[in-house]
Amino acid sequence: MQPATGPRCRHCWLPSPVPVCRDCLSKPLAVRELRSGFVYDGPARAAVLTLKHGGVVGLAEELVRLSGEIQVAADIDLVVPIPIPLLRRRRRGGNQAEHLGRAVATQTGLELDPGALRRNGWWGPRQAQATSRAERSRIVRGAFAAGTERVRGRGVLLVDDVSTSMATLSEAARTLLAAGATVVDAWSATRAG
């Protein structure tokens, strides 16, 4: 698996010769910082797809372990996995981001709260059909609801299996910040792009 290392933008974690890429300067994301373990390709992509669709839950712990020590800012105290719609969760037999979140919480010693963020709707938007970053952002607008009493005054680390356009992570972060979270960082097992 190819580690997602080298010079990268701290906001979107795409390769960049400068700490904040041009896209993130012109269109800031709600996520303060993103880090990812691996490039979404080859064996890392296969592992994520097996975790997501094959139900091999043990892969979550392995992906977190193999990605090395996850560095968390001092103002982060809560791990929140990206929720998936109820029908998708039932069909897959669970939520891959929740399995990863549990492993991240264990490694970092942070509290895990899978109920702090909820997905609106039964099935959810069809982001994979979107053709542009702007369209993906439009599709996920309003996709989440946050438990204000669970996140108010707390720093949150969002966890997901793969980050692509950053639309999902950014919308989730906006929702958490609107509910009173002080800051939102993110970690994904893999980064596309």
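Residues numbered from 1 in each chain as written. Predicted model: local features only at pLDDT ≥ 70, side-chain atom pairs only at ≥ 80, totals over all residues. Heavy atoms only, no water.

**Q** Hey, could you run me through the overall build of the protein chain in this one?
**A** Counting its regular elements, the protein chain contains 8 helices and 7 strands. With respect to the principal axes defined by its C-alpha atoms, the protein chain has extents near 40 × 40 × 35 Å. Counting only residues that meet the buried cut, the protein chain has 50% of its 193 residues in that class. Summing over all exposed atoms, the protein chain offers an accessible surface of approximately 9200 Å²; the carbon and sulfur share of this is 52%. Considering the protein chain, the positive charge centre built from 27 side chains and the negative charge centre built from 17 side chains are found 8 Å apart. (Helix = DSSP H or I, 4+ residues; strand = E, 2+ residues; numbered from the N terminus. Buried < 20%, exposed > 50% of the residue type's maximum accessible area, 1.4 Å probe, protein only. Areas by Shrake-Rupley, 256 points an atom, 1.4 Å probe, with all protein chains shown as cover. Lys, Arg positive; Asp, Glu negative; His and termini not counted. Charge placed at Lys NZ, Arg CZ, Asp CG, Glu CD.)

**Q** How should I be thinking about the state of the cysteines in this particular structure?
**A** What we call a disulfide is simply a covalent bond connecting the sulfur atoms of a pair of cysteines. Summed over the entire model, instances satisfying the criterion amount to 0 disulfides. Among the cysteines around Cys-21, which has no disulfide bond, Cys-24 carries the closest sulfur, lying 3.7 Å off. Cys-21 gets classed as buried once you look at its relative accessible area, which sits at 13%. Relative accessible area serves as the criterion here: at 4%, Cys-24 is assigned to the buried category. (Disulfide = S-S within 2.5 Å.)

**Q** What am I meant to see in helix H3 (residues 58–66) here?
**A** Listed in full, the buried residues belonging to H3 are Ala-60, Leu-63 and Val-64. Down the axis of H3, the buried side of the element spans an arc of 95°, and every buried residue falls inside it. Counted as exposed and oriented over 90 degrees from the buried face of H3: Glu-61 and Arg-65. As for H3, its buried residues are in contact with strand E1 (34–39), helix H2 (42–54), helix H5 (96–108) and strand E7 (183–191). Positioned one or two residues after H3, Gly-68 has a phi angle of 90°, which is positive. (Arc of directions from axis to C-beta. Contact = heavy atoms within 4.5 Å.)

**Q** What's the story with the side chain of His-11 in this structure? I'm lost.
**A** Mapped onto the elements, His-11 comes out in the segment before helix H1 (22–26). Separated by 2.6 Å, the side chain of His-11 and the backbone oxygen of Arg-32 make a polar contact. Filtering out sequence-adjacent residues up to four positions away, His-11 remains in contact with Val-20, Cys-24, Leu-29, Val-31, Arg-32, Glu-33, Leu-34 and Met-166. (Polar contact = N/O pair within 3.5 Å; in protein donor to acceptor, adjacent residues only side chain to side chain.)

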